[in-house]
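A look at the structure
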Amino acid sequence: MSSLLLIDDDLSAVESLARALSAALEGVSLFIATDPEKALQIAVRERPAVVVLDLCLVPAQGVESGFSLLQKLLYEDPHLRIIVLTGHGDTEFGVRSMKLGASNFLVKPASIPHLSALVDEALRQSVLLKQLESHTKREEERKLHEFLIGDSRPMKELREQLRFLAGTVQPVLIEGETGVGKSLCARLLHQLS
């Protein structure tokens, strides 16, 4: 079952939004939070597919509290779809939100049909991203086991090292004697990265 996290410092506004979206979206679990710490705890515990986020969560910090939370949420789950819904409709905030990784930016008050359509689309995107990640991991495993045959401890360690190195952006130097498989490892590393 998909889940949605609504984050706004105004409790009555977030509860009203939750009621409206629960009526518009079927089969979606809804969670609400009114402060960044609680929102992050819920996100880590419940792993929602979509977040609707207000930017001004801590009045003393202004919109920076929302931008900070947006970055923390995406750090925890890079595939999370975040819709920024805020009363601060400055174009600069919209551009900054999108650059930081938000999937959409809306100005309050949002039309519930429009917001529910965006949430529905974000839920679909989340499912597709998870399927793609699963497929990519299976393909990586297939390639690693196809070219690096064996289940010995050194072979398993080599597969782990290649997986790790493929996920980095650092240059890699492969050393060893002639015939140990340096070019095979280089080819696999290139294919996996």
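All of these numbers come straight from a predicted model, not from anything done at the bench.

1. Focus: the nonpolar core
- Ranked by size, the top nonpolar core spans 21 residues in total, and within it I7, V51, L53, L73 and I82 carry the most contacts.
- Going through the elements one at a time, β1 (2-7), α2 (36-46), β3 (50-53), α3 (63-76) and β4 (81-86) are the ones with two or more residues in this core.
- For this core, the element with the highest residue contribution is α3, accounting for 6 residues.
- I7 has contacts with V14, A33, A39, V51, V52, L53, D54, L57, L69 and L73, leaving out every residue within four places of it along the chain.
- Core analysis: the next-biggest nonpolar cluster, separate from the first, contains 19 residues, L21, I83, L85 and L106 among them.

2. Overview of the environment of V14
- Along the chain, the position of V14 falls in helix α1 (residues 11-24).
- Note on V14: relative accessible area 2%, which makes it buried.
- Sequence-wise, V14 and A186 are 172 residues apart; in three dimensions their C-alpha atoms are separated by 52 Å.
- Every residue in contact with V14, bar those within four places of it in the chain, is listed here: L6, I7, D8, I32 and T34.

3. With respect to helix α4 (residues 91-100)
- The complete set of buried residues in α4 reads F93, G94 and S97. Across the axial projection of α4, the buried residues extend over an arc of 100 degrees, all falling on one side. More than 90 degrees from the buried face of α4, the exposed residues found are T91, E92 and K99.
- Backbone geometry just downstream of α4 places G101 in the positive-phi region, at approximately 120 degrees.

What counts and how
- Residues numbered from 1 in each chain as written.
- Predicted model: local features only at pLDDT ≥ 70, side-chain atom pairs only at ≥ 80, totals over all residues.
- Heavy atoms only, no water.
- Core = buried A, V, L, I, M, F, W, Y, C linked by side-chain atoms within 4.5 Å.
- Buried < 20%, exposed > 50% of the residue type's maximum accessible area, 1.4 Å probe, protein only.
- Helix = DSSP H or I, 4+ residues; strand = E, 2+ residues; numbered from the N terminus.
- Contact = heavy atoms within 4.5 Å.
- Arc of directions from axis to C-beta.

Spatial relationships are all this shows, so hold off on functional conclusions.
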